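Each chain, letter by letter, is given below.
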Amino acid sequence: SARSASGSASENLNVADPPPLAERADHSAQIAALYRLVLARAPATDELAIGTQFLAAASSESPDSMKLTPIEQYAQLLLLMNEVMYID
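1. Notes on the packing of aromatic side chains
The final tally for this structure, using the stated rule, is one aromatic pair. When the centroid spacing of 5.5 Å and the interplanar angle of 40° are considered together, the rings of Phe54 and Tyr74 count as tilted. Within this pair, whereas Phe54 is found in helix 2 (residues 45-59), its partner Tyr74 is found in helix 3 (residues 70-79), the two being separated by 20 residues in sequence. According to the relative accessible area criterion, Tyr74 is buried, its value standing at 5%.

Structure (structure tokens):
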């Protein structure tokens, strides 16, 4: 086979693959990744600032009181934007 006999599928992953969104430590990196996924563009400076404030505030809540993680909450907010819901 194309894979080496001793290598597993996880060992053969491309090392250039970015980490999953929730595992990125930097809020600005998470926000930028979400904007690329949802809106196919980079966030504006003010959008990045608002997102960073949102994630910082949401992260300070007790994890037991949340049904969604802060990044999941922010993803839902982006999906509700007019930019996603309406075609110009």
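From this point, things continue past the structure.
2. Quick look at the packing of helix 1 (residues 27-39) against helix 3
In contact at an axis separation of 10 Å, helix 1 and helix 3 are set at 35° when each is read in the N-to-C sense. Helix 3 is crossed by helix 1, and the crossing has right-handed handedness. Here helix 1 contributes Gln30, Ile31, Leu34, Tyr35 and Val38 to the contact with helix 3, which in turn contributes Ile71, Tyr74, Ala75, Leu78 and Leu79. Looking at side-chain class alone, the contact of helix 1 with helix 3 contains nine nonpolar, one polar and no charged residues.

3. Some words on the pattern of salt bridges
Using the criterion set out here, one finds two salt bridges in the structure. The partner of Arg41 in a salt bridge is Glu47, and the shortest N-O contact between them spans 2.9 Å. Its relative accessible area of 24% is what places Arg41 among the partly exposed residues. Linking Arg41 and Glu83 is a salt bridge whose minimum nitrogen-to-oxygen distance equals 2.7 Å. Placement of the pair is Arg41 in the loop between helix 1 and helix 2 and Glu83 in helix 4 (residues 82-85), with a sequence separation of 42 residues. Each of Arg41, Glu47 and Glu83 takes part in a single network of salt bridges with overlapping partners.

Calculation rules
Each chain has its residues counted from 1, following the order in which its sequence is written. It should be noted that, the model being predicted, local features are given only for residues of pLDDT at least 70 and side-chain atom pairs only at 80 or more, the latter also being counted only at that level, while totals for whole chains, interfaces and linings use all residues. No hydrogens and no water enter the side-chain calculation; it runs on all heavy atoms of the structure. Here is the rule: rings of Phe, Tyr and Trp (six-membered ring for Trp) pair when centre to centre is within 6.5 Å. Planes less than 30 degrees apart are stacked, more than 60 are edge-to-face, and the remainder are tilted. In DSSP terms, a helix is any run of H or I states spanning at least four residues, a strand is any run of E spanning at least two, and both are numbered starting from the N terminus. Exposed residues in this analysis have more than 50% of their type's maximum accessible area, buried residues have under 20%, and partly exposed residues fall in between, with area computed by a 1.4 Å probe over protein chains only. Axes here refer to lines fitted to C-alpha atoms; in helices the fit is confined to the stretch in contact. Angles between the N-to-C directions go from 0 to 180 degrees. Each crossing is labelled by how the near helix is turned from the far one, with a counterclockwise turn of less than a right angle marking it left-handed and a clockwise turn marking it right-handed. The contact rule is simple, with two residues in contact once any of their heavy atoms fall within 4.5 Å. Gly is put with the polar residues, along with every residue not named as nonpolar or charged; the nonpolar set is Ala, Val, Leu, Ile, Met, Phe, Trp, Tyr, Cys and Pro, and the charged set is Asp, Glu, Lys and Arg. Each salt bridge in this description consists of a side-chain nitrogen of Lys or Arg and a carboxyl oxygen of Asp or Glu lying within 4 Å of one another.

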